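Okay, here's what each chain looks like letter by letter:
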Amino acid sequence: MSDFPIMKCIVKGCDNHKGEGQFVNDICSPCHRMLTEGVVTPSDNWFATEITIAIERTKKAEVELAACSAAFDKQQEQLDRNADLLAEKKKQWVDLTDKDREECLAKHEKFGWWSVIDAIEEKLWEKNGG
Ligand SMILES: [Zn+2]
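1. A word on the domain arrangement of the protein
Assigned domains within the protein: domain 1 (1–68) and domain 2 (79–130). For domain 1 and domain 2, the distance between their C-alpha centroids amounts to 67 Å.

Structure, rendered in structure tokens:
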């Protein structure tokens, strides 16, 4: 135990000393104001530091969430466009002959689904006289 009176603000992390500013008993007036009024001002004390970090994290998370949301909307738009395109192809599929359909589907294994869609378009183009 020190024999000296407490010269420093008793709040952990705060380096304000008596004689440098106003105190309320052993708590400096900035710490006292933050605790009693709930308004955080710049300070190295533990709770202002924690609150500042939490606010920064929240801001960063909000920015990341907005970016995620925008990316999601973009994906949703693309899915909607694909759904429209597939609905159109389904209608066109009906107009093809069995032989044309077989030829279109044969592209799937080699080149994937989008090549089937291209093939449908080609067949209809040929059918309609090119
Ligand atoms: Zn203090």
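Now that the structure is up, let's keep going.
2. Digging into helix H4 (residues 113–127)
Between the first and last C-alpha of H4 there are 21 Å, a value that for 15 residues agrees with the 21 Å anticipated at 1.5 Å per step. When we look at burial in H4, the residues that qualify are Val116, Ala119, Ile120 and Lys123. Looking straight down H4, one finds that the buried residues subtend no more than 105° of arc, so they occupy a single side. In H4, the exposed residues that point more than 90 degrees away from the buried face are Trp114 and Trp125. In the core, the buried residues of H4 are packed alongside helix H2 (46–94) and helix H3 (98–111). A positive phi of about 90° marks Gly129, the residue just after H4.

3. What to know about unusual backbone geometry
Where the residue is not glycine, phi is negative for most of them; where a peptide bond is considered, it is trans in most cases. Non-glycine residue Asn25 carries a positive phi angle of around 55°. As for its placement among the helices and strands, Asn25 is situated in the loop between strand S1 (23–24) and strand S2 (27–28). In this structure Asn25 comes out as exposed when scored by C-beta crowding, with 7 C-beta atoms within 10 Å.

4. Examining the packing of H2 against H4
At their nearest, the axes of H2 and H4 sit 10 Å apart, and the two run at 45° to each other. In this view, H2 runs oblique relative to H4, as classed from their interaxial angle. By crossing handedness, the relation of H2 to H4 is classed as left-handed. In contact with Lys89, Gln92 and Trp93 of H2, H4 contributes Ile117, Ile120 and Leu124. Taken together, the residues of the contact of H2 with H4 break down into four nonpolar, one polar and one charged.

Basis of the calculations
- Residues numbered from 1 in each chain as written.
- Predicted model: local features only at pLDDT ≥ 70, side-chain atom pairs only at ≥ 80, totals over all residues.
- Domains from an automatic or database assignment.
- Helix = DSSP H or I, 4+ residues; strand = E, 2+ residues; numbered from the N terminus.
- Expected span 1.5 Å × (residues − 1).
- Buried ≥ 20, exposed ≤ 12 C-beta atoms within 10 Å, placed from the backbone.
- Arc of directions from axis to C-beta.
- Contact = placed C-beta atoms within 7 Å.
- Axes fitted to C-alpha atoms, helices over the stretch in contact; angles between N-to-C directions.
- Parallel < 35°, antiparallel > 145°, perpendicular 65-115°, else oblique.
- Left-handed = near helix turned anticlockwise from the far one by under 90°.
- Nonpolar A, V, L, I, M, F, W, Y, C, P; charged D, E, K, R; others polar.

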